[in-house]
Amino acid sequence: SARTPDRLRSPIVCILGHVDTGKTKILDKIRKTNVQDGEAGGITQQIGATFFPLDAVKRETSKLAAGRALSHDIPALLIIDTPGHESFTNLRSRGSSLCDIAILVVDIMHGLEPQTMESIQLLKQRKTPFIVALNKVDRLYDWKAKPMTPVIDALPAQKKHVQDEFKRRLEETKVAFAEVGFNSEVYWDNDDVRSHVSLVPTSAISGEGIPDLLYLLVSLTQKLMSDRLMWTSHLECTLLEVKVIEGLGTTIDVILTGGTLKEGDTIVVCGLDGAIVTTVRALLTPHPMKEMRVKGQYVRHASIEAAQGIKISADGLDRAVAGTQLLITEDGGSEEELDLLRVEVMKDFATILTAVDRSGVGVYVQASTLGSLEALLAFLESSEIPVAGLNIGPVHKKDIVKTSTMIERKKKEYATVLAFDVPVEKEARELAEELDVRIFTADIIYHLFDQFTAYMDDIRG
Ligand code: GTP
Ligand code: MG
Ligand code: NA
(Lines give C-alpha, C1' and ligand atoms only; values in the text may rest on other atoms or scores of the structure.)
(Ligands and ions follow the chains in the order given, each with its own letter.)
Protein backbone atom coordinates (compact mmCIF):
# COMPACT_ATOMS: atom_id res chain seq x y z
CA SER A 1 0.00 0.00 0.00
CA ALA A 2 1.37 3.35 -1.05
CA ARG A 3 2.42 5.73 1.70
CA THR A 4 2.35 9.41 0.94
CA PRO A 5 4.90 11.18 3.16
CA ASP A 6 3.77 14.73 2.47
CA ARG A 7 0.16 13.99 3.22
CA LEU A 8 -1.40 13.29 6.61
CA ARG A 9 -4.79 11.78 7.39
CA SER A 10 -7.02 13.11 10.16
CA PRO A 11 -6.05 11.83 13.60
CA ILE A 12 -8.62 9.79 15.48
CA VAL A 13 -9.18 10.99 19.02
CA CYS A 14 -11.04 8.87 21.57
CA ILE A 15 -12.71 10.36 24.65
CA LEU A 16 -12.55 8.02 27.62
CA GLY A 17 -13.38 8.30 31.30
CA HIS A 18 -15.61 7.43 34.22
CA VAL A 19 -19.38 7.84 33.88
CA ASP A 20 -20.68 11.43 34.04
CA THR A 21 -17.29 13.13 34.03
CA GLY A 22 -18.53 15.26 31.08
CA LYS A 23 -17.18 13.49 27.96
CA THR A 24 -20.26 14.12 25.83
CA LYS A 25 -20.79 17.60 27.28
CA ILE A 26 -17.25 18.64 26.26
CA LEU A 27 -18.05 17.61 22.68
CA ASP A 28 -21.40 19.40 22.88
CA LYS A 29 -19.53 22.55 23.87
CA ILE A 30 -17.22 22.36 20.85
CA ARG A 31 -20.02 21.37 18.46
CA LYS A 32 -22.55 23.83 19.94
CA THR A 33 -24.98 20.90 20.13
CA ASN A 34 -27.15 19.28 22.79
CA VAL A 35 -26.52 15.57 22.31
CA GLN A 36 -26.17 14.84 26.04
CA ASP A 37 -29.62 16.19 26.89
CA GLY A 38 -31.17 13.70 24.47
CA GLU A 39 -29.52 10.61 25.95
CA ALA A 40 -31.68 8.09 27.86
CA GLY A 41 -30.84 8.54 31.54
CA GLY A 42 -28.16 11.07 30.58
CA ILE A 43 -25.71 8.26 29.90
CA THR A 44 -23.93 7.33 26.68
CA GLN A 45 -24.64 3.76 25.56
CA GLN A 46 -23.07 3.74 22.09
CA ILE A 47 -19.86 4.84 20.43
CA GLY A 48 -20.25 8.17 18.66
CA ALA A 49 -18.12 10.02 16.14
CA THR A 50 -17.82 13.65 15.13
CA PHE A 51 -15.73 15.18 12.36
CA PHE A 52 -14.09 18.53 13.15
CA PRO A 53 -12.54 20.23 10.09
CA LEU A 54 -9.35 22.06 11.04
CA ASP A 55 -10.73 25.49 10.17
CA ALA A 56 -13.40 24.96 12.86
CA VAL A 57 -10.71 23.93 15.32
CA LYS A 58 -8.70 27.03 14.40
CA ARG A 59 -11.73 29.23 14.99
CA GLU A 60 -12.17 27.78 18.48
CA THR A 61 -8.51 28.21 19.34
CA SER A 62 -8.19 31.74 17.94
CA LYS A 63 -8.45 33.24 21.43
CA LEU A 64 -5.16 31.65 22.42
CA ALA A 65 -2.21 34.00 22.10
CA ALA A 66 -1.17 34.69 18.51
CA GLY A 67 2.25 33.08 18.88
CA ARG A 68 0.53 29.78 19.52
CA ALA A 69 -1.32 29.67 16.22
CA LEU A 70 -1.67 26.19 14.79
CA SER A 71 0.28 25.01 11.83
CA HIS A 72 -1.98 23.22 9.43
CA ASP A 73 -0.82 19.76 8.40
CA ILE A 74 -3.79 17.60 9.34
CA PRO A 75 -7.12 18.03 7.56
CA ALA A 76 -9.42 17.48 10.56
CA LEU A 77 -9.94 15.68 13.85
CA LEU A 78 -12.26 12.69 14.09
CA ILE A 79 -13.37 12.48 17.73
CA ILE A 80 -14.91 9.29 19.09
CA ASP A 81 -17.16 9.48 22.17
CA THR A 82 -17.44 6.40 24.41
CA PRO A 83 -19.68 5.43 27.35
CA GLY A 84 -18.27 5.70 30.86
CA HIS A 85 -20.80 3.37 32.51
CA GLU A 86 -19.19 0.21 33.87
CA SER A 87 -21.33 -2.05 31.63
CA PHE A 88 -19.60 -0.86 28.48
CA THR A 89 -16.02 -2.02 28.89
CA ASN A 90 -16.30 -3.56 25.42
CA LEU A 91 -17.08 -0.19 23.83
CA ARG A 92 -14.28 1.61 25.67
CA SER A 93 -11.95 -1.08 24.47
CA ARG A 94 -13.22 -0.79 20.89
CA GLY A 95 -13.00 3.01 20.94
CA SER A 96 -9.49 3.02 22.34
CA SER A 97 -8.36 0.42 19.79
CA LEU A 98 -9.36 2.72 16.93
CA CYS A 99 -7.67 5.89 18.09
CA ASP A 100 -4.30 7.59 17.66
CA ILE A 101 -4.58 9.71 20.79
CA ALA A 102 -7.06 9.94 23.67
CA ILE A 103 -8.61 12.52 25.94
CA LEU A 104 -9.07 11.03 29.39
CA VAL A 105 -11.75 13.04 31.18
CA VAL A 106 -11.44 13.31 34.97
CA ASP A 107 -13.91 15.16 37.21
CA ILE A 108 -11.67 17.56 39.16
CA MET A 109 -14.01 17.23 42.18
CA HIS A 110 -13.82 13.38 42.19
CA GLY A 111 -10.30 12.55 41.04
CA LEU A 112 -9.50 9.13 39.54
CA GLU A 113 -12.50 6.75 39.64
CA PRO A 114 -12.94 3.04 38.72
CA GLN A 115 -13.53 3.51 34.98
CA THR A 116 -10.74 6.12 34.88
CA MET A 117 -8.45 3.32 36.06
CA GLU A 118 -9.88 0.91 33.52
CA SER A 119 -9.36 3.48 30.74
CA ILE A 120 -5.76 4.04 31.88
CA GLN A 121 -5.15 0.29 31.62
CA LEU A 122 -6.49 0.26 28.05
CA LEU A 123 -4.28 3.21 27.09
CA LYS A 124 -1.24 1.61 28.72
CA GLN A 125 -1.79 -1.71 26.93
CA ARG A 126 -1.90 -0.05 23.55
CA LYS A 127 0.72 2.62 24.37
CA THR A 128 -1.74 5.29 23.26
CA PRO A 129 -0.66 8.86 24.09
CA PHE A 130 -3.29 10.81 25.97
CA ILE A 131 -4.04 14.15 27.55
CA VAL A 132 -6.25 14.67 30.58
CA ALA A 133 -9.22 17.04 30.69
CA LEU A 134 -9.57 17.98 34.34
CA ASN A 135 -13.22 18.82 33.89
CA LYS A 136 -15.84 20.70 35.91
CA VAL A 137 -13.48 23.46 37.14
CA ASP A 138 -16.60 25.64 37.36
CA ARG A 139 -17.59 23.48 40.35
CA LEU A 140 -14.72 24.93 42.38
CA TYR A 141 -16.39 27.01 45.07
CA ASP A 142 -16.79 30.64 43.95
CA TRP A 143 -15.55 30.03 40.39
CA LYS A 144 -16.26 33.05 38.20
CA ALA A 145 -17.26 31.95 34.70
CA LYS A 146 -15.19 33.22 31.76
CA PRO A 147 -17.06 31.60 28.86
CA MET A 148 -14.94 29.84 26.21
CA THR A 149 -11.78 31.49 27.53
CA PRO A 150 -8.42 29.76 27.52
CA VAL A 151 -7.99 28.52 31.07
CA ILE A 152 -4.53 30.10 31.21
CA ASP A 153 -6.44 33.42 31.20
CA ALA A 154 -9.49 32.31 33.23
CA LEU A 155 -7.53 30.96 36.18
CA PRO A 156 -5.50 34.07 37.09
CA ALA A 157 -8.80 36.01 37.06
CA GLN A 158 -10.18 33.92 39.97
CA LYS A 159 -10.05 34.88 43.65
CA LYS A 160 -7.07 33.64 45.63
CA HIS A 161 -9.01 30.95 47.55
CA VAL A 162 -10.34 29.55 44.25
CA GLN A 163 -6.82 29.40 42.85
CA ASP A 164 -5.68 27.71 46.07
CA GLU A 165 -8.38 25.04 45.84
CA PHE A 166 -7.47 24.50 42.21
CA LYS A 167 -3.78 24.05 43.11
CA ARG A 168 -4.63 21.60 45.88
CA ARG A 169 -6.82 19.45 43.60
CA LEU A 170 -4.22 19.64 40.83
CA GLU A 171 -1.53 18.33 43.21
CA GLU A 172 -3.85 15.53 44.37
CA THR A 173 -4.45 14.54 40.77
CA LYS A 174 -0.72 14.47 40.03
CA VAL A 175 -0.15 12.19 43.01
CA ALA A 176 -2.98 9.90 41.87
CA PHE A 177 -1.47 9.63 38.37
CA ALA A 178 1.98 8.97 39.83
CA GLU A 179 0.45 6.06 41.77
CA VAL A 180 -0.61 4.43 38.49
CA GLY A 181 2.76 5.03 36.86
CA PHE A 182 2.33 8.33 35.00
CA ASN A 183 4.18 11.59 35.47
CA SER A 184 1.78 14.44 34.82
CA GLU A 185 1.89 18.21 34.72
CA VAL A 186 -0.55 21.02 34.07
CA TYR A 187 -0.07 21.65 30.38
CA TRP A 188 1.41 25.18 30.55
CA ASP A 189 4.19 23.89 32.81
CA ASN A 190 4.76 20.70 30.82
CA ASP A 191 8.16 20.96 29.12
CA ASP A 192 8.32 17.34 27.99
CA VAL A 193 5.13 15.96 26.49
CA ARG A 194 6.84 12.64 25.78
CA SER A 195 7.49 11.84 29.43
CA HIS A 196 4.69 13.79 31.12
CA VAL A 197 0.95 13.63 30.55
CA SER A 198 -0.57 17.08 30.09
CA LEU A 199 -3.44 18.08 32.37
CA VAL A 200 -5.90 20.61 30.95
CA PRO A 201 -8.43 22.17 33.34
CA THR A 202 -11.79 22.50 31.53
CA SER A 203 -15.43 23.30 32.02
CA ALA A 204 -17.89 21.78 29.57
CA ILE A 205 -20.55 24.17 30.88
CA SER A 206 -18.85 27.58 30.64
CA GLY A 207 -16.17 26.45 28.19
CA GLU A 208 -12.97 27.49 29.97
CA GLY A 209 -10.07 25.37 28.76
CA ILE A 210 -11.90 24.01 25.71
CA PRO A 211 -9.71 26.09 23.32
CA ASP A 212 -6.62 24.84 25.19
CA LEU A 213 -7.76 21.22 24.87
CA LEU A 214 -8.22 21.50 21.10
CA TYR A 215 -4.95 23.35 20.65
CA LEU A 216 -3.07 20.69 22.59
CA LEU A 217 -4.66 17.84 20.62
CA VAL A 218 -3.65 19.26 17.28
CA SER A 219 -0.15 20.29 18.32
CA LEU A 220 0.49 16.90 19.97
CA THR A 221 -0.69 14.83 17.03
CA GLN A 222 1.49 16.90 14.72
CA LYS A 223 4.48 16.73 17.06
CA LEU A 224 4.29 13.08 18.12
CA MET A 225 2.73 11.13 15.32
CA SER A 226 3.23 12.56 11.86
CA ASP A 227 4.71 9.20 10.83
CA ARG A 228 1.74 7.26 12.13
CA LEU A 229 -0.63 9.67 10.41
CA MET A 230 1.00 9.40 7.00
CA TRP A 231 -1.74 8.75 4.47
CA THR A 232 -1.86 5.21 3.07
CA SER A 233 -4.24 3.64 0.56
CA HIS A 234 -4.64 0.46 2.63
CA LEU A 235 -8.28 0.11 3.68
CA GLU A 236 -8.98 -0.17 7.40
CA CYS A 237 -12.60 0.05 8.38
CA THR A 238 -14.53 -1.00 11.50
CA LEU A 239 -18.25 -1.55 11.70
CA LEU A 240 -19.60 0.27 14.75
CA GLU A 241 -23.36 -0.07 14.60
CA VAL A 242 -26.12 -1.64 12.52
CA LYS A 243 -29.16 0.64 12.34
CA VAL A 244 -32.48 0.78 10.57
CA ILE A 245 -33.01 4.29 9.17
CA GLU A 246 -36.34 5.37 7.74
CA GLY A 247 -36.08 5.64 3.98
CA LEU A 248 -32.72 3.86 3.85
CA GLY A 249 -33.48 0.48 5.40
CA THR A 250 -30.73 -1.22 7.36
CA THR A 251 -27.51 0.78 7.28
CA ILE A 252 -24.13 0.34 8.92
CA ASP A 253 -22.13 3.00 10.73
CA VAL A 254 -18.41 2.53 10.21
CA ILE A 255 -15.20 4.26 11.17
CA LEU A 256 -12.80 4.47 8.26
CA THR A 257 -9.31 4.59 9.79
CA GLY A 258 -7.32 4.00 6.60
CA GLY A 259 -7.73 4.19 2.82
CA THR A 260 -10.68 5.21 0.66
CA LEU A 261 -14.27 3.99 0.26
CA LYS A 262 -16.27 4.66 -2.91
CA GLU A 263 -19.87 4.29 -3.97
CA GLY A 264 -20.20 1.07 -5.95
CA ASP A 265 -17.43 -0.69 -4.00
CA THR A 266 -18.01 -4.37 -3.26
CA ILE A 267 -17.75 -4.82 0.50
CA VAL A 268 -17.63 -7.93 2.66
CA VAL A 269 -18.92 -7.81 6.25
CA CYS A 270 -19.55 -10.28 9.03
CA GLY A 271 -23.18 -11.44 9.30
CA LEU A 272 -25.14 -13.37 11.95
CA ASP A 273 -25.80 -16.11 9.36
CA GLY A 274 -22.50 -15.88 7.48
CA ALA A 275 -20.50 -13.36 5.50
CA ILE A 276 -22.41 -10.66 3.61
CA VAL A 277 -21.15 -9.51 0.20
CA THR A 278 -22.85 -6.38 -1.05
CA THR A 279 -22.37 -3.18 -3.04
CA VAL A 280 -22.15 0.29 -1.49
CA ARG A 281 -25.27 2.17 -2.61
CA ALA A 282 -24.56 5.40 -0.77
CA LEU A 283 -21.83 6.80 1.45
CA LEU A 284 -23.32 9.24 3.93
CA THR A 285 -21.82 11.40 6.65
CA PRO A 286 -23.42 13.76 9.12
CA HIS A 287 -22.57 17.41 8.54
CA PRO A 288 -19.22 18.47 10.03
CA MET A 289 -19.46 19.08 13.80
CA LYS A 290 -22.55 16.85 14.10
CA GLU A 291 -22.63 13.58 16.05
CA MET A 292 -22.98 10.49 13.87
CA ARG A 293 -25.11 8.58 16.36
CA VAL A 294 -27.80 11.29 16.35
CA LYS A 295 -30.40 11.03 13.59
CA GLY A 296 -30.10 14.00 11.28
CA GLN A 297 -29.41 15.10 7.75
CA TYR A 298 -26.72 13.32 5.83
CA VAL A 299 -24.26 14.49 3.19
CA ARG A 300 -23.75 12.06 0.30
CA HIS A 301 -20.25 11.44 -1.07
CA ALA A 302 -18.97 9.65 -4.17
CA SER A 303 -15.85 8.70 -2.25
CA ILE A 304 -14.46 9.29 1.24
CA GLU A 305 -10.92 9.17 2.60
CA ALA A 306 -9.79 8.29 6.11
CA ALA A 307 -10.38 9.23 8.78
CA GLN A 308 -14.17 9.54 8.82
CA GLY A 309 -17.29 8.19 10.47
CA ILE A 310 -19.58 7.00 7.67
CA LYS A 311 -23.06 5.60 7.30
CA ILE A 312 -23.18 3.02 4.50
CA SER A 313 -26.41 2.21 2.76
CA ALA A 314 -26.47 -1.11 0.90
CA ASP A 315 -28.68 -4.17 0.40
CA GLY A 316 -28.58 -7.19 2.66
CA LEU A 317 -27.16 -5.57 5.79
CA ASP A 318 -29.98 -6.70 8.16
CA ARG A 319 -27.90 -9.38 9.83
CA ALA A 320 -24.55 -7.51 9.85
CA VAL A 321 -22.58 -7.73 13.10
CA ALA A 322 -21.12 -4.58 14.63
CA GLY A 323 -17.66 -4.49 16.12
CA THR A 324 -16.14 -6.39 13.19
CA GLN A 325 -13.93 -5.40 10.24
CA LEU A 326 -15.27 -4.33 6.89
CA LEU A 327 -13.27 -5.59 3.91
CA ILE A 328 -13.30 -4.55 0.30
CA THR A 329 -12.51 -6.36 -2.96
CA GLU A 330 -9.95 -5.07 -5.38
CA ASP A 331 -11.32 -4.64 -8.92
CA GLY A 332 -14.76 -6.10 -8.22
CA GLY A 333 -13.40 -9.34 -6.78
CA SER A 334 -12.95 -12.84 -8.19
CA GLU A 335 -14.83 -15.75 -6.54
CA GLU A 336 -11.47 -16.83 -5.14
CA GLU A 337 -10.81 -13.46 -3.53
CA LEU A 338 -14.37 -13.28 -2.20
CA ASP A 339 -13.98 -16.68 -0.53
CA LEU A 340 -10.85 -15.48 1.26
CA LEU A 341 -12.55 -12.29 2.42
CA ARG A 342 -15.63 -14.24 3.60
CA VAL A 343 -13.46 -16.41 5.83
CA GLU A 344 -11.56 -13.36 7.09
CA VAL A 345 -14.62 -11.33 8.17
CA MET A 346 -16.22 -14.23 10.02
CA LYS A 347 -13.20 -14.76 12.29
CA ASP A 348 -14.21 -12.02 14.78
CA PHE A 349 -17.67 -13.45 15.19
CA ALA A 350 -16.59 -16.78 16.63
CA THR A 351 -16.00 -15.25 20.07
CA ILE A 352 -19.51 -13.91 20.54
CA LEU A 353 -21.11 -17.21 19.57
CA THR A 354 -19.22 -18.98 22.35
CA ALA A 355 -21.61 -17.18 24.72
CA VAL A 356 -24.51 -19.30 23.47
CA ASP A 357 -25.07 -22.42 25.57
CA ARG A 358 -24.75 -25.58 23.45
CA SER A 359 -27.42 -27.40 25.46
CA GLY A 360 -29.96 -24.95 24.08
CA VAL A 361 -31.18 -24.09 27.58
CA GLY A 362 -31.14 -20.45 28.64
CA VAL A 363 -32.66 -17.04 28.16
CA TYR A 364 -33.03 -15.18 24.87
CA VAL A 365 -31.16 -11.90 24.46
CA GLN A 366 -31.96 -9.16 21.98
CA ALA A 367 -30.35 -5.76 21.57
CA SER A 368 -30.11 -2.89 19.13
CA THR A 369 -26.37 -3.23 18.59
CA LEU A 370 -23.64 -5.78 19.06
CA GLY A 371 -22.00 -3.48 21.59
CA SER A 372 -25.00 -3.60 23.91
CA LEU A 373 -25.52 -7.29 23.18
CA GLU A 374 -21.96 -7.90 24.35
CA ALA A 375 -22.65 -5.90 27.52
CA LEU A 376 -25.78 -8.00 28.20
CA LEU A 377 -23.88 -11.23 27.63
CA ALA A 378 -21.12 -10.15 30.03
CA PHE A 379 -23.75 -9.38 32.68
CA LEU A 380 -25.50 -12.74 32.21
CA GLU A 381 -22.21 -14.60 32.36
CA SER A 382 -21.29 -12.94 35.65
CA SER A 383 -24.75 -13.83 36.98
CA GLU A 384 -24.33 -17.44 35.75
CA ILE A 385 -27.42 -17.29 33.55
CA PRO A 386 -27.11 -19.41 30.38
CA VAL A 387 -28.03 -17.92 27.01
CA ALA A 388 -29.89 -20.06 24.47
CA GLY A 389 -30.11 -17.51 21.70
CA LEU A 390 -29.27 -13.98 20.69
CA ASN A 391 -30.28 -11.54 18.05
CA ILE A 392 -29.84 -7.94 16.96
CA GLY A 393 -33.00 -6.01 16.12
CA PRO A 394 -36.74 -6.00 17.01
CA VAL A 395 -38.43 -8.86 18.90
CA HIS A 396 -40.59 -10.85 16.45
CA LYS A 397 -43.12 -13.67 16.98
CA LYS A 398 -40.55 -16.27 15.99
CA ASP A 399 -38.30 -15.17 18.87
CA ILE A 400 -41.14 -15.78 21.31
CA VAL A 401 -41.80 -19.21 19.82
CA LYS A 402 -38.14 -20.15 20.31
CA THR A 403 -38.13 -18.83 23.86
CA SER A 404 -41.33 -20.69 24.77
CA THR A 405 -39.57 -24.03 24.22
CA MET A 406 -37.97 -23.49 27.65
CA ILE A 407 -41.39 -24.16 29.20
CA GLU A 408 -41.60 -27.59 27.52
CA ARG A 409 -38.05 -28.25 28.66
CA LYS A 410 -39.14 -27.57 32.27
CA LYS A 411 -36.98 -24.46 32.50
CA LYS A 412 -39.78 -21.96 32.87
CA GLU A 413 -37.52 -19.36 34.52
CA TYR A 414 -35.56 -19.15 31.27
CA ALA A 415 -38.66 -18.58 29.14
CA THR A 416 -37.49 -14.99 29.14
CA VAL A 417 -36.50 -12.42 26.53
CA LEU A 418 -34.15 -9.64 27.59
CA ALA A 419 -34.70 -6.86 25.07
CA PHE A 420 -32.45 -3.82 25.18
CA ASP A 421 -33.34 -0.74 23.15
CA VAL A 422 -35.36 -2.66 20.56
CA PRO A 423 -39.09 -2.54 19.75
CA VAL A 424 -41.27 -5.56 20.57
CA GLU A 425 -43.79 -6.20 17.79
CA LYS A 426 -47.42 -6.18 18.87
CA GLU A 427 -48.00 -9.78 17.73
CA ALA A 428 -44.88 -10.88 19.61
CA ARG A 429 -46.17 -9.30 22.80
CA GLU A 430 -49.57 -10.95 22.40
CA LEU A 431 -48.02 -14.35 21.77
CA ALA A 432 -45.73 -13.95 24.78
CA GLU A 433 -48.78 -13.32 26.94
CA GLU A 434 -50.48 -16.41 25.56
CA LEU A 435 -47.44 -18.71 25.93
CA ASP A 436 -46.36 -17.32 29.31
CA VAL A 437 -43.03 -15.94 28.07
CA ARG A 438 -41.61 -13.02 30.05
CA ILE A 439 -40.25 -10.02 28.15
CA PHE A 440 -38.03 -7.52 29.93
CA THR A 441 -37.44 -4.29 28.03
CA ALA A 442 -35.46 -1.18 28.86
CA ASP A 443 -33.58 1.57 27.08
CA ILE A 444 -31.09 2.03 29.92
CA ILE A 445 -28.99 -1.09 30.19
CA TYR A 446 -28.63 -1.26 33.96
CA HIS A 447 -32.40 -0.93 34.41
CA LEU A 448 -32.68 -4.14 32.41
CA PHE A 449 -30.09 -5.79 34.68
CA ASP A 450 -31.98 -4.60 37.78
CA GLN A 451 -35.37 -5.88 36.55
CA PHE A 452 -33.96 -9.24 35.58
CA THR A 453 -31.94 -9.65 38.79
CA ALA A 454 -35.05 -8.94 40.87
CA TYR A 455 -36.99 -11.53 38.85
CA MET A 456 -34.33 -14.22 39.25
CA ASP A 457 -33.93 -13.50 42.97
CA ASP A 458 -37.67 -13.97 43.27
CA ILE A 459 -37.60 -17.31 41.45
CA ARG A 460 -34.53 -18.65 43.20
CA GLY A 461 -36.00 -17.54 46.55
P1 GTP B 1 -21.28 9.01 30.18
O2 GTP B 1 -21.15 9.11 28.71
O3 GTP B 1 -22.63 8.52 30.57
O4 GTP B 1 -20.19 8.24 30.80
O5 GTP B 1 -21.17 10.51 30.80
P6 GTP B 1 -20.24 11.70 30.23
O7 GTP B 1 -18.87 11.55 30.73
O8 GTP B 1 -20.45 11.83 28.77
O9 GTP B 1 -20.84 12.96 31.00
P10 GTP B 1 -22.01 13.89 30.46
O11 GTP B 1 -21.55 14.72 29.33
O12 GTP B 1 -23.21 13.04 30.27
O13 GTP B 1 -22.21 14.84 31.73
C14 GTP B 1 -22.67 14.31 32.94
C15 GTP B 1 -23.29 15.40 33.80
O16 GTP B 1 -22.29 16.30 34.24
C17 GTP B 1 -24.32 16.23 33.07
O18 GTP B 1 -25.35 16.56 33.97
C19 GTP B 1 -23.56 17.48 32.67
O20 GTP B 1 -24.38 18.61 32.56
C21 GTP B 1 -22.59 17.63 33.83
N22 GTP B 1 -21.34 18.28 33.43
C23 GTP B 1 -20.52 17.87 32.44
N24 GTP B 1 -19.46 18.68 32.34
C25 GTP B 1 -19.60 19.62 33.31
C26 GTP B 1 -18.82 20.74 33.72
O27 GTP B 1 -17.76 21.04 33.19
N28 GTP B 1 -19.28 21.47 34.77
C29 GTP B 1 -20.44 21.16 35.41
N30 GTP B 1 -20.82 21.92 36.42
N31 GTP B 1 -21.20 20.11 35.03
C32 GTP B 1 -20.80 19.35 34.01
MG1 MG C 1 -21.35 10.58 27.41
NA1 NA D 1 -23.54 10.94 31.33
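Residues numbered from 1 in each chain as written. Chains lettered and ligands numbered in written order. Predicted model: local features only at pLDDT ≥ 70, side-chain atom pairs only at ≥ 80, totals over all residues. Heavy atoms only, no water.

Draft legend 1. Structural detail: helix α13 (residues 445–460). For α13, with 16 residues, the first-to-last C-alpha span of 23 Å sits near the 22 Å given by 1.5 Å per residue. Every buried residue of α13 is accounted for by Ile445, Leu448, Phe449, Phe452, Tyr455 and Met456. Seen along its axis, α13 keeps its buried residues to an arc of 135°; they face one direction. Buried residues along α13 sit against β20 (363–367), α10 (370–382), β22 (416–420) and β23 (438–442). Positive backbone phi, at 70°, marks Gly461, one or two positions downstream of α13. (Helix = DSSP H or I, 4+ residues; strand = E, 2+ residues; numbered from the N terminus. Expected span 1.5 Å × (residues − 1). Buried < 20%, exposed > 50% of the residue type's maximum accessible area, 1.4 Å probe, protein only. Arc of directions from axis to C-beta. Contact = heavy atoms within 4.5 Å.)

Draft legend 2. Here's a closer look at the nonpolar core. Phe177, Ile252, Leu261, Ile312, Leu326 and Phe452 are the most contacted members of the largest nonpolar core, which has 100 residues in total. When residues of this core are assigned to their parent elements, the largest contribution, 7 residues, is made by α10. If sequence neighbours within four positions are ignored, Phe452 has contacts with Val363, Phe379, Leu380, Ile385, Thr416, Leu418 and Phe440. With 35 residues, the next largest nonpolar core counts Ile15, Leu54, Ala56 and Met148 among its residues. (Core = buried A, V, L, I, M, F, W, Y, C linked by side-chain atoms within 4.5 Å.)

Draft legend 3. Structural context of the coordination of the magnesium ion (ligand 2). Looking at the magnesium ion (ligand 2), one finds its protein donor set to be Thr24 (OG1) and Thr44 (OG1), positioned 2.0 Å from the metal centre. In this structure the sodium ion (ligand 3) is found 4.5 Å away from the magnesium ion (ligand 2). On the criterion of sequence distance, the pair formed by Thr24 in helix α1 (residues 23–31) and Thr44 in the loop between α1 and β3 (48–53) is long-range, its members being 20 residues apart. The same class applies to Thr24 as to Thr44, namely buried. (Donors = N, O, S within 2.8 Å, 3.2 Å for Na, K, Ca; no water.)

Draft legend 4. The layout of surface pockets, seen in detail. The computed volume of the largest pocket comes to approximately 1,200 Å³. At 4 residues, strand β10 (residues 236–245) tops the list of elements feeding residues into the lining of the largest pocket. Taken together, the residues of the lining of the largest pocket sort by class into 15 nonpolar, 16 polar and 14 charged. (1 Å grid on protein atoms, 1.4 Å probe; cavity = no way out; pocket = protein on both sides within 12 Å on 5 of 7 lines; lining within 4 Å. Points joined across faces, edges and corners; volume = space filled by probe spheres on them. Nonpolar A, V, L, I, M, F, W, Y, C, P; charged D, E, K, R; others polar.)

Draft legend 5. Here's a closer look at the coordination of the sodium ion (ligand 3). Listed as protein donors to the sodium ion (ligand 3) are Asp20 (OD) and Gly42 (O); their distances from the metal cover 2.3 Å. Relative accessible area serves as the criterion here: at 49%, Asp20 is assigned to the partly exposed category.

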